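Spelled out from the first residue to the last, the chains are:
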Amino acid sequence: MTYVLHALVALVCIGASYALNQHQRPAFEPTYAAEQHSTPRGNVSLRIGSETRDVELMSMHVVLHDVRRLDREFQLRELSVRAAARAEQQASVELYVDLSKLRLDPGDSARDPRGLVQQELPLLRAGRFGARRSVLLLQGDKPQQVISGTLLFTEINQVDSGDKPTYQAAGRLELQVAGERGVDMVTGRLEGQIEWDPG
């Protein structure tokens, strides 16, 4: 009886701790128009073993946002790389790249992503303050979770000027994903439009 009581107390404590962490965790999800999600603005060619898959991408987005929650300020500094698909669909490629080590200012009016060139940028297991996983959906219908990896932009060029300049990027990916038989190594090359979201 005592053992059961202790187990119940432990479960209650775990549940309360989880609920508190969920309450304290900041949240932020950028909102894009439906056509932005589904319109191809680039592509990535991924190689897993002897197989190669080509996937169309929506625009890549540099997201810099500060969130205040419970008197604490949290900084979101990341780049999203997502397959072109409807917003409610599980995209075949959804990656989040850590930009927190770079000195990027959300208030920078230039919003020029060319400072990302030749930087070895680590992939995040989860983006959006941990709310969205980095995954690939290339084999079967079960997403493969990203364990680690890097993105290196080899070039970013301005192709249009004006109030909101347009930039085109090219780079390469190396990542490890959780497979059915262990860890799979994935390499890839990508190119496409890159945008700097408003802070």
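Look a little higher up for the structure.
Residues numbered from 1 in each chain as written. Predicted model: local features only at pLDDT ≥ 70, side-chain atom pairs only at ≥ 80, totals over all residues. Heavy atoms only, no water.

Asks: I keep staring at the layout of surface pockets and nothing clicks. Help me out?
Replies: Rolled over the atoms, a probe sized like a water molecule indicates the empty space that remains. Within this model, the largest pocket holds a volume of roughly 310 Å³. Broken down by class, the residue content of the lining of the largest pocket amounts to two nonpolar, six polar and four charged. (1 Å grid on protein atoms, 1.4 Å probe; cavity = no way out; pocket = protein on both sides within 12 Å on 5 of 7 lines; lining within 4 Å. Points joined across faces, edges and corners; volume = space filled by probe spheres on them. Nonpolar A, V, L, I, M, F, W, Y, C, P; charged D, E, K, R; others polar.)

Asks: Could you clarify how one ought to interpret the pairing of strand β11 (residues 166-179) in this entry?
Replies: Residues in a regular strand project their side chains so that they alternate between the two faces of the sheet. Alignment of strand β10 (residues 144-160) against β11, held across twelve bridges, turns out to be antiparallel. Counted as the bridge partner of leucine 151 is leucine 173 from β11. Linking β10 back to β11 in an antiparallel pair, the connection comprises five residues, with glycine 162 at a positive phi of about 120 degrees. Sheet topology places β11 next to strand β12 (residues 182-196); 13 bridges connect them, and they run antiparallel. (Pairing = 2+ DSSP bridges. Helix = DSSP H or I, 4+ residues; strand = E, 2+ residues; numbered from the N terminus.)

Asks: Please explain unusual backbone geometry as it appears in this structure.
Replies: In this structure, glutamine 118 takes a positive phi of about 60 degrees despite not being glycine. When you line up the elements, glutamine 118 lands in the loop between β5 (93-98) and β6 (120-124). Its relative accessible area of 52% is what places glutamine 118 among the exposed residues. A positive phi is found at phenylalanine 129, a non-glycine position, where the angle reads about 60 degrees. Residue position: phenylalanine 129 is located in the loop between β7 (126-127) and β8 (132-133). (Buried < 20%, exposed > 50% of the residue type's maximum accessible area, 1.4 Å probe, protein only.)

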